[in-house]
Amino acid sequence: MLRNRRIAVLVLTAFAPAVWGSTYLVTTELLPPGRPLTAAMLRALPAGLLLVLLTRRLPSGSWWWRSLVLGALNIGVFLALLFVAAYRLPGGLAATVGSVQPLLVLGLSALLLGERLTARAVAAAFGGIAGVTLMVLRAEARPDAVGIAAALGGAAVMATGVVLSKRWAPPAGLLAVTGWQLVAGGLLLLPVSLLVEGPPPADLTARNLTGYAYLGIIGAAVAYALWFRGIRALSPTHVTFLGLLSPLVATALGWLVLGQRLTVLQLLGAALAIGSVVLAQTGRRPASAPAAPAPRGAERPLVRPSVD
């Protein structure tokens, strides 16, 4: 029974990186060109505000600054660095550098959560890096110091966000905490997107609006809620390997929708990436230090119910 429940949680959590793997396709096919930061901001901020309004909860106490930190790590700073890497590097090289994230999560989980570092997990991490490299890296890729630094920084901040999301016991329901982080990340991206790209275009088409709605509702509100739910229920070292599904889905969609050709090396890389995900999930679950109890009175309604 517990095994079946864990498998169900894994499958639902895997939905998040699978959806994120479709971001490139949606961005190139549905969104206005040259507006990556605007897309990131519109993906996070409206979805976060919607969740806050639906749950009618605001942070309290230390969770004001914790929400800002987690929103920056998981969303705001991560997406900004991701787009810098995407602009400075070929997509394959950016994805390859970013695939070191599971390795970083393993180290941070051992340091901050007391999880035991196993040879199986380290082998799975290196297997994932090799698999992503074979799937997406091209021989003509040219390194760029700023781009590589941004890709490594993005992997590092996301890895830190995953581990801290586990370490800090949330004081409210899943949707409320997800909303706080999306709002925080979106507010951090707002001035950056306005400064770099200007205000959102006024002549948005129905196609553009469909793309933004997909990224906001499915790619942010739903996907991040499932991702954070997985972090609550599972070890971060198990959750982070599911992120390898993003380049896998992106490669598959390029073949299915855009007609891109798949090589034998790409298929081998996909097999390695899937094998790494399975290897990471089938090991003995790492023991970790118990989460700190939620502070008393941490939940507070945004709107006080009226009494007639």
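What you see as residue numbers is a count from 1 along each chain, following the sequence as written. Under the rules for a predicted model, residues below a pLDDT of 70 receive no local features and side-chain atom pairs below 80 are neither given nor counted, while totals for whole chains, interfaces and linings still include all residues. The basis for the side-chain values is all heavy atoms of the structure; hydrogens and waters are excluded.

Please provide a residue-by-residue account of the confidence of the model for the chain, values included.
Values of pLDDT, the confidence the predictor places in each residue, fall between 0 and 100. Here the chain averages 86 in pLDDT, and 89% of its residues register 70 or above. When pLDDT is averaged over each helix and strand of the chain, the minimum, 41, is found for strand β2 (residues 300–301) and the maximum, 95, for helix α9 (residues 174–197). Residues count as neighbours in contact if any of their non-hydrogen atoms are within 4.5 Å of one another. Residue range residues 288–308 is modelled with pLDDT below 50. Its contacts to residues more than four positions away, or to other chains, number 30 contacts. Per the convention used, a helix needs a DSSP run of H or I reaching at least four residues, while a strand needs a run of E reaching at least two, with both numbered from the N terminus.

Before we move on, can you summarise unusual backbone geometry with the specific residues and values?
Residues apart from glycine generally show negative phi values, whereas peptide bonds are mostly found in trans. The phi torsion at Arg56 lies on the positive side, around 55°, for a residue other than glycine. Looking at where Arg56 falls in the secondary structure, it is placed in the loop between α3 (36–55) and β1 (57–58).

Hey, could you go over helix α1 (residues 2–20) for me, with residue numbers and the actual values?
An α-helix turns once every 3.6 residues. As a result, residues three or four positions apart point the same way. Here the expected length of a helix is defined as 1.5 Å per residue gap, with one fewer gap than residues. Relative to the 27 Å expected for 19 residues at 1.5 Å per residue, α1 spans 28 Å between its end C-alpha atoms, a close match to the ideal helical length. Buried within α1 are the following residues: Arg6, Val9, Leu10, Thr13, Ala14, Ala16, Pro17, Val19 and Trp20. A 1.4 Å probe rolled over the protein chains alone gives each residue an accessible area, and that area as a share of the maximum for its type sets the label: buried under 20%, exposed over 50%, partly exposed in between.

Run through the packing of α1 against helix α10 (residues 206–233), naming residues and quoting values.
Across the interface, α1 lies against α10 with an axial gap of 8 Å and an inter-helix angle of 140°. Both α1 and α10 take part in a crossing whose hand is left-handed. For the pair formed by α1 and α10, the contact residues are Val9, Leu12, Thr13, Phe15, Ala16, Pro17, Val19 and Trp20 on the first element and Tyr214, Ile218, Gly219, Val222, Ala223, Tyr224, Leu226, Trp227, Arg229, Gly230 and Ala233 on the second. Amino acids are sorted into nonpolar (Ala, Val, Leu, Ile, Met, Phe, Trp, Tyr, Cys and Pro), charged (Asp, Glu, Lys and Arg) and polar (every other residue, Gly among them). Residue classes in the contact of α1 with α10 are distributed as 15 nonpolar, three polar and one charged. Only the contacting stretch of a helix is used when fitting its axis, a line to C-alpha atoms as for every element, and angles between N-to-C directions run 0 to 180 degrees. The hand of a helix crossing depends on one turn: near helix anticlockwise from the far one by less than a right angle means left-handed, and clockwise means right-handed.

Requested: an account of the packing of aromatic side chains, with residues and values cited.
Aromatic pairing here means that ring centres of Phe, Tyr or Trp (its six-membered ring) are within 6.5 Å. Orientation follows from the plane angle: under 30 degrees is stacked, over 60 is edge-to-face, and everything else is tilted. Within this structure, the stated rule accounts for five aromatic pairs. Between Trp65 and Trp168, the ring centres sit 5.4 Å apart and the planes meet at 80°, which makes this aromatic pair edge-to-face. Here Trp168 lies in the loop between α8 (145–167) and α9 and Trp65 lies in helix α4 (residues 63–88), a separation of 103 residues in the sequence. Connected via pairs of aromatic rings, a cluster forms that spans Trp20, Tyr224, Trp227 and Phe228.

Give me the packing of helix α6 (residues 101–113) against helix α7 (residues 119–136): which residues, what numbers.
Remark: α6 packs on α7, axes separated minimally by 8 Å, with the N-to-C direction vectors making an angle of 155°. Taken together, the axis directions place α6 and α7 in an arrangement best described as roughly antiparallel. Across from Pro102, Leu103 and Leu106 in α6, the residues of α7 making contact are Ala121, Val122, Ala125 and Phe126. For the contact of α6 with α7, the class distribution of residues is seven nonpolar, no polar and no charged. Orientation categories follow fixed angle ranges, with anything under 35 degrees roughly parallel, anything over 145 roughly antiparallel, 65 to 115 roughly perpendicular, and all other angles oblique.

How would you summarise the nonpolar core if you had to cite specific residues and measurements?
We call a set of buried residues a nonpolar core when its members are Ala, Val, Leu, Ile, Met, Phe, Trp, Tyr or Cys and they connect through side-chain atoms within 4.5 Å of each other. Leu182 and Trp227 are the most contacted members of the largest nonpolar core, which totals 57 residues. Of all the elements, α3 adds the most residues to this core, at eight residues. With residues up to four places along the chain from it excluded, the contact list for Leu182 reads Ala44, Leu45, Ala47, Gly48, Leu51, Ile75, Ala220, Ala221 and Tyr224. Of all hydrophobic cores here, the second largest spans seven residues; its members include Ala85, Ala94, Val97 and Ala150.

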